[in-house]
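The chain contents come next:
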Amino acid sequence: MQDCAWPDCDVISCAASRLPPVPVRMAQGARWGRRYLRAFVSGFFVAVPVTVTVLDRLAYVARVEGASMQPFLNPDGASECDVVLLNRWNVRNYHVQRGDIVSIMSPKNPEQKIIKRVIGLEGDFIRTLSYKKRHVRVPDGHLWIEGDHHGHSLDSNTFGPVSLALLHGRASHIIWPPARWQRIRARLPPNRAPLFTHEHDRDEDQ
């Protein structure tokens, strides 16, 4: 019974003890077979979590709910939600650009992830839409994010710039429904480009 990896193996062992004796060579072969089976099973259950962990570090899929990113995401409303592929590898060093759609851990609820568009990077000057300040300079190590559907989105216009540490992934593709399959490219909505960018200030200093 000690050679068995399965919980019901003691029953098999008990039944086998009542069978006629088998030749030594066959018994040795059976023991080797059990060892190989044990090695395979234990290796499988070790490898599966490792594979899942690797995939989670590279990318994962998420269902987009709500109207905050309409019309680009969920154009049909609640009747059919988009499913997106979120790339985690690309944001491991917090590398994003203006216009990217990203997944962020909500500053209001750490248990919730929200999906918004990057409007401004650190150092950019933003004309806000409904924030307590009309203009904001995005602090170092932060982003300014917004939903495309203003008025139906809780974003930086509500809670201000968000820390890069909350960045979770970048949406790279819409993968469901099939008719909506497409690569997601960085683009800014009309009239939402920063007033001044960090690169603009740096060029002037030079």
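Our subject in this report is the structure included herewith. (Residues numbered from 1 in each chain as written. Predicted model: local features only at pLDDT ≥ 70, side-chain atom pairs only at ≥ 80, totals over all residues. Heavy atoms only, no water.)

Quick word on the overall build of the protein chain
The helix and strand tally for the protein chain stands at four helices and 10 strands. Shown N-terminal to C-terminal, the secondary structure of the protein chain runs as helices and strands in the order α-α-β-β-β-β-β-β-β-α-β-β-β-α. Expressed as a percentage of its 206 residues, the buried residues of the protein chain come to 33%. Counting contacts in the protein chain only where the partners sit at least 6 residues apart, residues at least 24 apart contribute 61% of the total. Entry remark: accessible area of the protein chain is about 13,400 Å², with carbon and sulfur atoms responsible for 58%. (Helix = DSSP H or I, 4+ residues; strand = E, 2+ residues; numbered from the N terminus. Buried < 20%, exposed > 50% of the residue type's maximum accessible area, 1.4 Å probe, protein only. Contact = heavy atoms within 4.5 Å. Areas by Shrake-Rupley, 256 points an atom, 1.4 Å probe, with all protein chains shown as cover.)

Some details on the environment of Ser68
Turning to its location among the elements, Ser68 is positioned in the loop between β1 (59-63) and β2 (83-87). Ser68 has contacts with Ile115, Lys116, Gly147, Asp148, His149, His152 and Ser153, leaving out every residue within four places of it along the chain. Of note is the side chain of Ser68, whose polar atom sits 3.1 Å from the side chain of Lys116. (Polar contact = N/O pair within 3.5 Å; in protein donor to acceptor, adjacent residues only side chain to side chain.)

Description of the packing of aromatic side chains
Inspection of the entire model under this criterion finds two aromatic pairs. An angle of 80° between the planes, with centres 5.5 Å apart, marks the rings of Tyr131 and Trp144 as edge-to-face. Note that Tyr131 is positioned in the loop between β5 (125-127) and β6 (135-137) and Trp144 in strand β7 (residues 142-146), a separation of 13 residues in sequence. Taking the ring centre of Phe72 as reference, the NZ or CZ of Arg117 above it sits at 5.5 Å. (Phe/Tyr/Trp six-rings, centres within 6.5 Å; stacked < 30°, edge-to-face > 60°. Lys NZ or Arg CZ within 6 Å of the ring centre and 35° of its normal.)

As for the pairing of strand β4 (residues 113-120)
Regular strands have side chains that alternate between both faces of the sheet. Burial runs high along β4: seven of the eight residues are buried. Here strand β3 (residues 101-105) runs beside β4; their pairing, made up of five bridges, is antiparallel. Among the inter-strand pairings, Met105 is bridged to a residue of β4, identified as Lys113. (Pairing = 2+ DSSP bridges.)

Thoughts on the side chain of Ser172
Relative to the helices and strands, Ser172 is located in strand β9 (residues 167-176). When neighbours within four sequence positions are excluded, Ser172 is seen to be in contact with Leu85, Asn87, Gln182, Arg183 and Ile184.

Quick word on the side chain of Ser106
With respect to the helices, strands and loops of the structure, Ser106 is situated in the loop between β3 and β4. On the basis of relative accessibility, which here comes to 7%, the residue Ser106 falls in the buried class. Separated by 3.2 Å, the side chain of Ser106 and the backbone nitrogen of Asn109 make a polar contact. With sequence-adjacent residues up to four places away left out, Ser106 is seen in contact with Gln112, Lys113 and Ile114.

Brief notes about the layout of surface pockets
Any empty space left between atoms is shown by rolling a water-sized probe over those atoms. The space that makes up the largest pocket amounts to roughly 480 Å³. In this structure, the largest pocket is lined by 23 residues; those nearest its centre are Glu65, Gln112, Lys113, Ile114 and Ile115. Elements supplying a minimum of two residues to the lining of the largest pocket: β1, β2, β4 and α3 (156-159). The element best represented in the lining of the largest pocket is β4, accounting for four residues. Among the residues making up the lining of the largest pocket, the classes are represented as 10 nonpolar, eight polar and five charged. (1 Å grid on protein atoms, 1.4 Å probe; cavity = no way out; pocket = protein on both sides within 12 Å on 5 of 7 lines; lining within 4 Å. Points joined across faces, edges and corners; volume = space filled by probe spheres on them. Nonpolar A, V, L, I, M, F, W, Y, C, P; charged D, E, K, R; others polar.)

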